[in-house]
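# Coordinates in review
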Amino acid sequence: MAAFTGWFRAVTYRGREGQIAWMLHRVTGLGVFFFLALHILDIFLVSFGPELFDSLLFFYHQFLLKLAIVFGLFPGVLYHGLNGMRIIAIDFWPNLGRKQAMLWRIQIIVFAAAYIPSAILMLLSMFGSH
Amino acid sequence: MIARGTARPRPASSFELYSWFFMRISAIIMVLLVGFHLFYMHLILGVDAIDFEIISARWSSPFWRLYDFFMLTFAWLHCTNGVRIVLDDYSHSQGWRVFIKSILYLFAFIVIVLGSYVVFTFQP
């Protein structure tokens with residue numbers, strides 16, 4: 001319970017858009033770190049030939065893993081990339097910093113516009129109408 | 001109020017400045033490289049279609065080998081530097097921080113060596 005209230009306070013601290021943007025950037029960055037480690041090491045396995053590599057592909061073809069890609073990896077990378085571009089824009093044009101909350105809201109709209117159709121496309125191909 | 005004549009002390013090393021700059025440069029490069037990679041692999045091909053054949057065909061061209069090499073190297077250095085910054089934020093004991101960062105750098109070295117090895121030595 002104490003841990004939960006601690007988390008709740010951290011999340012509802014009055015940092016508003018900037019704080020949420022920072023938290024999501026950190027969480028998605030760490031998530032991509034773990035996925036990417038796995039991904040680089042699995043691609044390394046192609047050097048052992050087609051039999052081994054293709055026999056291990058079941059891992060990425062599992063239903064749960066595909067769901068994790070559509071609802072975790074893909075939006076995670078997309079958010080991290082868009083948020084990073086917003087940070088770079090503010091770094092190079094410091095006046096934009098005064099509008100950072102509005103920029104973040106625009107970023108969320110861009111995110112939704114890119115993510116929702118992509119997720120629908122990936123889910124459609126997952127359920128066979130490829 | 002800004003007191004005059006009390007400039008911020010200059011850091012002894014400019015490592016953090018280069019780190020900051022590297023994160024921005026690698027991010028801009030990766031938006032292009034990773035953006036196209038995700039678009040092509042997940043939306044055009046689909047995860048189910050990817051197998052040894054596809055990778056083999058992709059790496060028959062040196063362009064895609066270089067593309068993958070740069071993507072791998074920039075992404076992994078960017079990842080490692082990001083985790084280094086997160087570790088600095090949360091690990092307050094010097095010994096523990098040195099230990100866990102050593103593992104992080106060793107792991108980064110292994111990942112980049114193995115990844116580059118397969119990109120450049122792969123025989124279709």
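A word on the overall build of chain A. When helices and strands are counted, chain A shows 6 helices and 0 strands. Taken from the N to the C terminus, the helices and strands of chain A come in the order α-α-α-α-α-α. The C-alpha radius of gyration computed for chain A amounts to 19 Å, which surpasses the reference 14 Å derived for 130 residues by more than 25%, pointing to a less compact arrangement than a globule. Over its C-alpha atoms, taken along the principal directions, chain A stretches across nearly 55 × 40 × 30 Å. The burial tally for chain A puts 14% of its 130 residues in the buried class.

Turning our attention to the interface of chain A and chain B. Counting residues at the interface gives 33 residues for chain A, matched by 28 residues for chain B. For the side of chain A that touches chain B, the secondary-structure elements that each account for two or more residues are helix 2 (16-44), helix 3 (50-56), helix 4 (58-61), helix 5 (63-92) and helix 6 (100-126) of chain A. The dominant element in the side of chain A that touches chain B, judged by the number of residues it contributes, is helix 2 of chain A, at 11 residues. Of the residues belonging to the side of chain A that touches chain B, the class tally is 21 nonpolar, 8 polar and 4 charged.

Once that is clear, we can look at helix 5 of chain A. In this model helix 5 of chain A runs 43 Å from its N-terminal to its C-terminal C-alpha over 30 residues, within 8% of the 44 Å that 1.5 Å per residue would give. Taken together, the buried positions of helix 5 of chain A are occupied by V70, P75, G76, V77, Y79, H80, G81, L82, N83 and G84 of chain A. Residues of helix 5 of chain A that are buried in the fold lie against helix 2 and helix 6 of chain A together with helix 1 (15-45) of chain B.

Among the secondary structure elements, Q123 of chain B is positioned in the segment after helix 4 (94-121). In sequence terms Q123 of chain B and W59 of chain B are 64 residues apart; their C-alpha atoms lie 8.7 Å from each other.

This next bit is on the confidence of the model for chain B. Scored by pLDDT, chain B has a mean of 92; 95% of the residues are at 70 or more. Prediction confidence for the complex, expressed as pTM and ipTM, is 0.88 and 0.88 respectively.

What counts and what doesn't
Residues numbered from 1 in each chain as written. Chains lettered and ligands numbered in written order. Predicted model: local features only at pLDDT ≥ 70, side-chain atom pairs only at ≥ 80, totals over all residues. Helix = DSSP H or I, 4+ residues; strand = E, 2+ residues; numbered from the N terminus. Rg over C-alpha atoms; globule rule 2.2 N^0.38 Å. Buried ≥ 20, exposed ≤ 12 C-beta atoms within 10 Å, placed from the backbone. Contact = placed C-beta atoms within 7 Å. Nonpolar A, V, L, I, M, F, W, Y, C, P; charged D, E, K, R; others polar. Expected span 1.5 Å × (residues − 1). pLDDT = per-residue confidence, 0-100.

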